[in-house]
Amino acid sequence: MKIIILGAGQVGATLAENLVTESNDITIVDLDPDKLAVLQDRLDLRTVVGSAAHPSVLRAAGAEDADMLVAVTQSDETNMLACKLAASLFNIPTKIARIRAADYLKHPGIFSPENLCVDHIISPEQEITDYLRRLIDYPNALQVLDFANGKVRLVAARAYHGGPLVGHELRDMRKHLPNLDARVAAIFRGNHAIVPEGRTVIESGDEVFFIAATENIDSVIREMRNLDKKVRRVMIAGGGNIGRRLAAALENEYQVKLIDHNKNNSARLAAELHNTLILVGDATDETLLGDENIDDMDVFCALTNDDEDNIMASLQAKRMGARKVIALINRASYVDLVQGGEIDIAVSPAQATIGPLLSHVRRGDMAVVHSLRRGAAEALEAVVHGDSKTSKLVNRRIEEVKWPEGVTVGAIIRGEEVIIAHHDTQIAAEDHIILFVPNKRMIPKVEKLFQVGFGFL
């Protein structure tokens, strides 16, 4: 595909890095020539310096024959105008805009073809908020990803010594959970992916990805490790877009405290959030954390705009007794350095939000895409179309399909029914298949499996 990306920030750069390795023709536009120079040194793509909302700049970027425009600049207004120009002047088929302001999102009609011509909207702040909320709901998980509108979840958990299944073969799971169906989709031992089979033995320290119906998640996590107590108290550092949204999402179910250094912003937050205690101060201040009983906190989330502040606040909170700490880290190079030590989970905003963009880029009908392990792996919800003559999947059992090496089928959604996949499960047209792809180099082969042959209407 020929794709134009507007904006070379974290989201735009991460998207370009993901797509350029898949034989796409990528052009990225930004006002900052230094950012573009760094990307061009690392990646095989074109760059154009200029305003993303100027017709001449879009033309220079190749808008006249582009397949897709992805507008992810820091300005909602620039993104919306670029999509309108892409439709009116260049007839680009697919237009995606990053929209941050909740005020615009409350009026979806403005994005219609008759108005701003935005085909798909992504809201990184809301994606990250939802991601953090799931981590708080499941405090024993490293990642929690939704499929099929929340009916099914893919969860990553660290196996610890003492977990019922640790030291045992995977096939023993059915003995422990005879009335519950779940599927281990992948196991990572260090950085090495292990294809799960019945005789595979789970070892302490393994990162285990499993798929189950949402109501069964806690039971499966219990097989990997002893469950911590439920979360009741949450402290949030940073009252920006993400901190405010997360507090609003949590405050009616959890006891929430939010720290922000800006008095004016704190006053706005206090007026907007009715069940959250707003504190003015520095989240790295040992005295403030002590006075607010950080040692009683079940989860501490550092969500400011400064990576170093988030790291320091998280380390301080952990040292003073917070049970679980989560840090928002923008610089990808920092994520691997800090996660798994004193900081339990480091969340990369770019990686957490890249999935919705990839779902519109992938060939075939991809309902959901999640990027995993810093982009090295993916989990997909792909829709099966066609019939037994035009599809490589319809009316075939899972064991009859030539899946790419390492790819695991976790579950099938058929209407409202959740079917955990087994070797003899038969695939039907319009099924939603949830797949784990441990190496993204296999993505093109997966896409081909879901493409419909000639003759299907």
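Residues numbered from 1 in each chain as written. Predicted model: local features only at pLDDT ≥ 70, side-chain atom pairs only at ≥ 80, totals over all residues. Heavy atoms only, no water.

**Student:** A description of the overall build of the protein chain should follow, citing residues and the corresponding values.
**Tutor:** Looking only at helices and strands, one finds 15 helices and 22 strands in the protein chain. The C-alpha radius of gyration computed for the protein chain amounts to 23 Å, which stays within 12% of the reference 23 Å derived for 457 residues, consistent with globular compactness. With respect to the principal axes defined by its C-alpha atoms, the protein chain has extents near 65 × 55 × 40 Å. Taking all 457 residues of the protein chain together, 55% fall into the buried category. Across the protein chain, the fraction of contacts at a sequence separation of at least 24, relative to all contacts at a separation of at least 6, is 60%. As displayed, the protein chain has an accessible area near 20200 Å², and 47% of this comes from carbon and sulfur atoms. Of the side-chain charges in the protein chain, 51 are positive and 64 negative, and the distance between the mean point of each set is 3 Å. (Helix = DSSP H or I, 4+ residues; strand = E, 2+ residues; numbered from the N terminus. Rg over C-alpha atoms; globule rule 2.2 N^0.38 Å. Buried < 20%, exposed > 50% of the residue type's maximum accessible area, 1.4 Å probe, protein only. Contact = heavy atoms within 4.5 Å. Areas by Shrake-Rupley, 256 points an atom, 1.4 Å probe, with all protein chains shown as cover. Lys, Arg positive; Asp, Glu negative; His and termini not counted. Charge placed at Lys NZ, Arg CZ, Asp CG, Glu CD.)

**Student:** An account of the pairing of strand β21 (residues 417-420) is requested, with residue identities and associated values reported.
**Tutor:** Both strand β20 (residues 408-414) and β21 contribute to a ladder of four bridges, which runs antiparallel. By the bridge assignment for β21, isoleucine 412 is matched with isoleucine 419. Linkage of β20 to β21, two consecutive antiparallel strands, is achieved through a turn of two residues, within which glycine 415 is found at a positive phi near 65°. (Pairing = 2+ DSSP bridges.)

**Student:** Any chance you could break down the sheet that holds strand β7 (residues 141-147) for me, citing the residues and the numbers?
**Tutor:** Pairing within the open sheet is antiparallel, and its five strands lie in the order β7-β8-β11-β9-β10. The strands lining the two open edges of the sheet, one partner per strand, are β7 and β10 (192-194). Along the sheet, successive strands turn relative to each other by an average axial angle of 20°, direction set aside. Bridge count between β7 and strand β8 (residues 152-158): six bridges; the pairing is antiparallel. Paired with leucine 145 across the strands is leucine 154, a residue of β8. (Axes fitted to C-alpha atoms, helices over the stretch in contact; angles between N-to-C directions.)

**Student:** Summarise the packing of helix α6 (residues 124-137) against helix α14 (residues 349-361); cite the residues concerned and give the values.
**Tutor:** Relative orientation of the contacting elements α6 and α14 amounts to 105°, with a least axis distance of 9 Å. Taken together, α6 and α14 sit at an angle that is classed as roughly perpendicular. Contacts between α6 and α14 involve Pro124, Glu127 and Ile128 from the former and Pro349, Ala352, Thr353 and Pro356 from the latter. Split into classes, the residues belonging to the contact of α6 with α14 amount to five nonpolar, one polar and one charged. (Parallel < 35°, antiparallel > 145°, perpendicular 65-115°, else oblique. Nonpolar A, V, L, I, M, F, W, Y, C, P; charged D, E, K, R; others polar.)

**Student:** Can you tell me about empty space enclosed by the protein, naming the residues and giving the values?
**Tutor:** Tallied over the full model, the rule gives one cavity of 30 Å³ or more. If you go around the largest cavity, the residues you meet are Ala185, Ala186, Ala193, Ile194, Val195, Pro196, Gly406, Thr408, Phe436 and Pro438. At the level of elements, β9 (182-189) and β10 are the ones that each hand at least two residues to the lining of the largest cavity. (1 Å grid on protein atoms, 1.4 Å probe; cavity = no way out; pocket = protein on both sides within 12 Å on 5 of 7 lines; lining within 4 Å. Points joined across faces, edges and corners; volume = space filled by probe spheres on them.)

**Student:** Describe helix α8 (residues 217-224), with residues and values.
**Tutor:** When we look at burial in α8, the residues that qualify are Ile217, Val220, Ile221, Glu223 and Met224. Here the buried residues of α8 occupy an arc of 150° about the axis, which is enough to place them on one side. (Arc of directions from axis to C-beta.)

**Student:** Go over the packing of aromatic side chains with me, naming the residues and quoting the values.
**Tutor:** Applying the stated criterion across every chain, the model contains three aromatic pairs. Note on phenylalanine 209 and phenylalanine 436: the rings are 5.1 Å apart at their centroids and 50° apart in plane angle, and the pair reads as tilted. With phenylalanine 209 in strand β11 (residues 207-213) and phenylalanine 436 in strand β22 (residues 432-437), this pair connects stretches of sequence that are 227 residues apart. Take phenylalanine 209 and phenylalanine 436: they sit in the same class, and that class is buried. An aromatic cluster is present here, built from Phe188, Phe209 and Phe436 joined pairwise through their rings. (Phe/Tyr/Trp six-rings, centres within 6.5 Å; stacked < 30°, edge-to-face > 60°.)

**Student:** Which residues make up the environment of asparagine 330, and what values go with them?
**Tutor:** One can find asparagine 330 in the loop between β16 (324-328) and α13 (332-338). With relative accessibility at 25%, the residue asparagine 330 sits in the partly exposed group. For the pair asparagine 330 and glutamate 308, spaced 22 residues apart in the sequence, the C-alpha separation amounts to 10.0 Å.

**Student:** How would you explain helix α12 (residues 307-319) if you had to name every residue and give the values?
**Tutor:** Helix length check: α12 (13 residues) gives 18 Å between terminal C-alpha atoms against 18 Å at 1.5 Å per residue, within 8%. Where α12 is concerned, the buried positions are Asp307, Asn310, Ile311, Ala313, Ser314, Gln316 and Ala317. Check the buried side of α12 and you find it contacts α11 (286-291), β15 (299-302), β16 and α13. N-capping of α12 is provided by aspartate 306, with a side-chain oxygen placed 3.0 Å from the backbone N of glutamate 308. Directly after α12, the chain includes glycine 321, whose backbone phi takes a positive value near 115°. (Expected span 1.5 Å × (residues − 1). Polar contact = N/O pair within 3.5 Å; in protein donor to acceptor, adjacent residues only side chain to side chain.)

**Student:** Go over the packing of α6 against helix α9 (residues 241-250) with me, naming the residues and quoting the values.
**Tutor:** Viewed as axis vectors pointing N to C, α6 and α9 meet at an angle of 45°, and their least axial separation amounts to 9 Å. As summarised for this structure, α6 and α9 are arranged oblique, according to the angle between their axes. Considering how the two elements wind past one another, α6 and α9 form a crossing that is right-handed. When α6 is examined against α9, the residues Glu125, Gln126, Ile128, Thr129, Leu132, Arg133 and Ile136 are found in contact with a partner set consisting of Asn241, Ile242, Arg245, Leu246, Ala249 and Leu250. Of the residues belonging to the contact of α6 with α9, the class tally is seven nonpolar, three polar and three charged. (Left-handed = near helix turned anticlockwise from the far one by under 90°.)

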